[in-house]
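One letter stands for each residue in the lines below.
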Amino acid sequence: SKEDGRGTIRFFEPEMDKRLRERHAIQQDLQSAIARGELELYYQPQATIGGGIIGFEALLRWHHPSRGLIPPMTFIPIAEESGLIVRIGEWVLREACREAATWPIPLQVAVNLSPVQFRHGDLQALVHTVLLESGLAAGRLELEITEGVLIADFGRAVSVLRRLKALGVRIAMDDFGTGYSSLSYLQAFPFDKIKIDQSFISNLEHNHQSAAIVRAVVSLAHGLGLPVIAEGVESSAQLEFLTRETVDEVQGYLLGRPYPIKHYAGMIGHQPDA
Ligand code: C2E
Ligand code: CA
Ligand code: CA
Ligand code: CA
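Residues numbered from 1 in each chain as written. Chains lettered and ligands numbered in written order. Predicted model: local features only at pLDDT ≥ 70, side-chain atom pairs only at ≥ 80, totals over all residues. Heavy atoms only, no water.

Taking an unreviewed UniProt entry as the reference, the protein is identified by name as EAL domain-containing protein belonging to Bradyrhizobium sediminis.

Below is the structure:
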């Protein structure tokens, strides 16, 4: 009835309003988060399937003064919508390269890039500058991109990616299998690595389709000469499956959660504190 309809609208309006105000408040606070030193990078290990450490993925954390730790899934979309991700992404890149350059063992560091960073500013110039500033060898930096980068402006994205590769950094395709046109992108751009999305890994044991997809992605990637990393590996049963399927590298809670780098001091070659 009409009354039910109106009742529903009246119920949702204040809720929507509250969410919008919350979003706005988070966006305002995010504007000063860098200056106030509230952002931090956590690092999660990436290893060969045999267990040899390759490097770490840098994952952003925001320590909000009153809300506590806000997950990236909450604030990154807001940062992208408002354009703040450009400055935040620049901070992430600087911080990750500065940190990795101090590691006694020259492991790689993987940094996530937002599609918005491709549309604004000169990404190639930024990466070039940051590598020079930090002294990090280009070959130790891997940039993780999602297919969203290629969807918005394919021609521009491909030319930026080519220029990035020319610097000597590697490009990994993140969250592979979750989008719509990943296959054609693989042909159009020379990626260095394919990252199978964690949703397929978490379903492995209970879902035949996921196992079939993992198998197909590995076969496709290897056919193109690309190594495959599986993310979100939590159990030894998953690791065994991935080993049988000849996945090259793994990342996930089984190996280590994202933590401040001091948690992994031994892995990067720092002597433990006396
Ligand atoms: P992502 O790039 O796909 O990162 C993987 C996410 O899975 C991370 O969540 C990581 O903590 C989580 N993860 C790792 N291993 C496991 C596991 O074994 N099980 C489960 N359940 N989860 C696992 P996080 O750190 O919350 O980041 C979420 C997303 O936020 C990232 O997804 C990425 O899209 C975005 N993000 C994080 N840091 C940055 C950044 O510096 N820049 C940009 N643009 N995006 C970022
Ligand atoms: Ca990633
Ligand atoms: Ca991912
Ligand atoms: Ca993801």
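Now that the structure is up, let's keep going.
Quick look at the coordination of the calcium ion (ligand 4)
Coordination of the calcium ion (ligand 4) by the protein comes from Asp175 (OD) and Asp175 (OD), over a distance range of 2.8 to 3.0 Å. Taken as a pair, the calcium ion (ligand 4) and the calcium ion (ligand 3) lie 3.5 Å from each other and share Asp175 as a ligand. Tracing the sequence through the fold places Asp175 in strand E6 (residues 170–176). (Donors = N, O, S within 2.8 Å, 3.2 Å for Na, K, Ca; no water. Helix = DSSP H or I, 4+ residues; strand = E, 2+ residues; numbered from the N terminus.)

Some thoughts on the site of ligand 1
Taken together, 22 residues surround ligand 1, and among them Gln44, Arg61, Gln198, Glu234 and Tyr253 come closest. Measuring from a nitrogen atom of ligand 1, one finds a side-chain N or O atom of Glu234 at 2.5 Å. Look at ligand 1: alone it shows 790 Å² of surface, and the protein chains cover 83% of it. Placement of ligand 1 is best described as lying within the largest pocket. (Near = heavy atom within 4 Å. Polar contact = N/O pair within 3.5 Å; in protein donor to acceptor, adjacent residues only side chain to side chain. Areas by Shrake-Rupley, 256 points an atom, 1.4 Å probe, with all protein chains shown as cover. 1 Å grid on protein atoms, 1.4 Å probe; cavity = no way out; pocket = protein on both sides within 12 Å on 5 of 7 lines; lining within 4 Å. Sits in = over half its atoms within 2 Å of the grid points.)

Considering the nonpolar core
Core analysis: the largest hydrophobic core is formed by 75 residues, its most contacted members being Leu141, Leu143, Leu164 and Leu242. In terms of residues, this core owes the most to one element, helix H3 (residues 85–100), which gives 7 residues. In this view, Leu141 contacts Leu93, Cys97, Val109, Val111, Val127, Leu131, Leu136, Val169 and Arg170; residues no more than four positions away in its chain are not counted. (Core = buried A, V, L, I, M, F, W, Y, C linked by side-chain atoms within 4.5 Å. Buried < 20%, exposed > 50% of the residue type's maximum accessible area, 1.4 Å probe, protein only. Contact = heavy atoms within 4.5 Å.)

Some details on the pattern of salt bridges
Under the counting rule described, the total for this entry stands at 15 salt bridges. Here Arg94 makes a salt bridge to Glu133, at a shortest N to O gap of 2.9 Å. Of this pair, Arg94 sits in helix H3 while Glu133 sits in helix H5 (residues 123–134), placing them 39 residues apart in sequence. Look at Arg94 and you get partly exposed, because its relative accessible area is 30%. The exposure class of Glu133 is exposed, given its relative accessible area of 51%. Taken together, the salt bridges that share partners define one network made up of Glu57, Glu144, Lys195 and Glu231. (Salt bridge = Lys/Arg side-chain N within 4 Å of Asp/Glu carboxyl O.)

Regarding the coordination of the calcium ion (ligand 3)
Summarising the metal site, the calcium ion (ligand 3) is bound by the protein donors Asp174 (OD), Asp175 (OD), Glu231 (OE) and Glu231 (OE), whose distances to it range over 2.2 to 2.5 Å. Of note, the donors binding the calcium ion (ligand 3) are all from one chain and are spaced D-D-x55-E. In this structure, the calcium ion (ligand 3) lies 4.0 Å away from the calcium ion (ligand 2), the two metals sharing Asp174 as a donor. Residue Asp174 is located in strand E6, and its partner Glu231 is located in the loop between strand E8 (228–230) and helix H11 (236–244); the two are separated by 57 residues in the primary sequence. For the pair Asp174 and Glu231, a shared accessibility class is recorded, and that class is buried.

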